[in-house]
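Structural characterization, general
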Amino acid sequence: MVQIVETALRDLGVPEKVLAAGQFMPRGHTGSMFAGGLVGDSLTGSLGGLADAVGTAGGALAGAHVHDASSGLPGTMLVGVTEVHVCGFAAATRHSEAGALVFRVPRSGVQVEVHQRVNVRVLELIDSASGSRIELEGNRIPLTHSRDVIDALTT
């Protein structure tokens, strides 16, 4: 992921070394999946079997998709930390080429807050001057390296 973000930055003419990179989603993504799954299950639960499973899975995917669309952020992102900036790129997976640059904020003007939840870590990047926020959540699964990004920003 570090190499993917470095390559994307270099392609934009920004030759910064990436210290850490990880996969993130808009804040609320996981909770919306859970809520959508409950709705889908309640609509098809009386049918049982395959219909119930399809309703639950379909509801979970729909819940996450609707939430992500309303957040203004892509459903999955690669977030990279350099000495100077925090950058977010749209990315289908943690292995795929980075897509569009979603945000690039100077570390010097950003306050970082981290909130621990049951199955995710919430990362808030708060602009010190305006108070505007970029709110992300990173899965606790080590493969996503969200903790590496949080550690780079908080140490």
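Structure's up top.
These lines cover the structure that appears in this document, whether it is placed above or below. Bear in mind that the values here come from a model prediction, so they are computed numbers and not experimental data. (Residues numbered from 1 in each chain as written. Predicted model: local features only at pLDDT ≥ 70, side-chain atom pairs only at ≥ 80, totals over all residues. Heavy atoms only, no water.)

Concerning the overall build of the protein chain
Each helix and strand counted, the protein chain has four helices and seven strands in total. Start at the N end of the protein chain and walk to the C end: the helices and strands fall as α-β-α-α-β-β-β-β-β-β-α. Residue pairs in contact within the protein chain that sit at least 24 positions apart in sequence constitute 54% of those at least 6 positions apart. For the protein chain, the accessible area works out to roughly 8,100 Å², and carbon and sulfur atoms hold 60% of it. (Helix = DSSP H or I, 4+ residues; strand = E, 2+ residues; numbered from the N terminus. Contact = heavy atoms within 4.5 Å. Areas by Shrake-Rupley, 256 points an atom, 1.4 Å probe, with all protein chains shown as cover.)

A closer look at helix 4 (residues 146-154)
An α-helix turns once per 3.6 residues; consequently, residues spaced three or four apart project the same way. Along helix 4, the residues classified as buried are Ser146, Val149, Ile150, Ala152 and Leu153. One face of helix 4 carries all of its buried residues, which in axial projection span an arc of 160°. Buried residues along helix 4 sit against strand 1 (18-26), strand 2 (77-82), strand 3 (85-90), strand 5 (110-116), strand 6 (120-127) and strand 7 (133-139). (Buried < 20%, exposed > 50% of the residue type's maximum accessible area, 1.4 Å probe, protein only. Arc of directions from axis to C-beta.)

A closer look at the sheet that holds strand 1
Adjacent strands of a sheet pair through backbone hydrogen bonds, lying either parallel or antiparallel. In spatial order, the strands read 4-3-2-1-7-6-5; together these seven strands make up an open sheet with antiparallel pairing. At either margin of the open sheet sits one strand with a lone partner, and together these are strand 4 (101-106) and strand 5. Averaged over all neighbouring strand pairs, the angle between strand axes comes to 30°, with direction disregarded. Taken together, the two bridges between strand 1 and strand 7 define a ladder with antiparallel strand orientation. The residue of strand 7 that forms the bridge with Met25 is Glu137. Each of strand 1, strand 2 and strand 3 touches helix 1 (residues 2-11); the most contacted strand, strand 1, lies at about 95° to it. Those strands touched by helix 4 are strand 1, strand 2, strand 3, strand 5, strand 6 and strand 7, and its axis lies near 120° from that of strand 1. (Pairing = 2+ DSSP bridges. Axes fitted to C-alpha atoms, helices over the stretch in contact; angles between N-to-C directions.)

Side note on the environment of Ala92
Looking at the secondary structure, you find Ala92 in the loop between strand 3 and strand 4. With 14 residues separating them in the primary sequence, Ala92 and Leu78 have C-alpha atoms 9.0 Å apart.

Here's the deal with the nonpolar core
The biggest cluster of nonpolar side chains holds 18 residues, and the ones touching the most others in it are Phe103, Leu123, Leu125 and Leu136. The set of elements that each furnish at least two residues to this core consists of strand 1, strand 2, strand 4, strand 6, strand 7 and helix 4. A per-element tally of this core places helix 4 first, with four residues. In this structure, Leu78, Cys87, Phe89 and Ala91 belong to the second largest nonpolar core, which totals 12 residues. (Core = buried A, V, L, I, M, F, W, Y, C linked by side-chain atoms within 4.5 Å.)

Some remarks on the pattern of salt bridges
Summed over the entire model, instances satisfying the criterion amount to three salt bridges. Glu124 is paired through a salt bridge with Arg133; the nearest N and O atoms lie 2.4 Å apart. Overall, the relative accessible area of 44% leaves Arg133 in the partly exposed class. Ionic pairing is found between Arg147 and Asp151, a salt bridge with its closest N-O pair at 3.7 Å. Taken together, the positions of Arg147 and Asp151, both in helix 4 and four residues apart, correspond to about one turn of that helix. (Salt bridge = Lys/Arg side-chain N within 4 Å of Asp/Glu carboxyl O.)

Quick look at unusual backbone geometry
One non-glycine residue, His145, lies in positive phi territory at about 60°. On the secondary structure map, His145 appears in the loop between strand 7 and helix 4. In this structure His145 comes out as partly exposed when scored by relative accessible area, which is 34%.

Quick look at helix 1
Buried within helix 1 are the following residues: Ile4, Val5, Glu6, Ala8 and Leu9. Elements that come into contact with the buried residues of helix 1 comprise strand 1, strand 2 and strand 3. Where helix 1 ends, the next residue or the one after it, Gly13, has phi of about 85°, a positive value.

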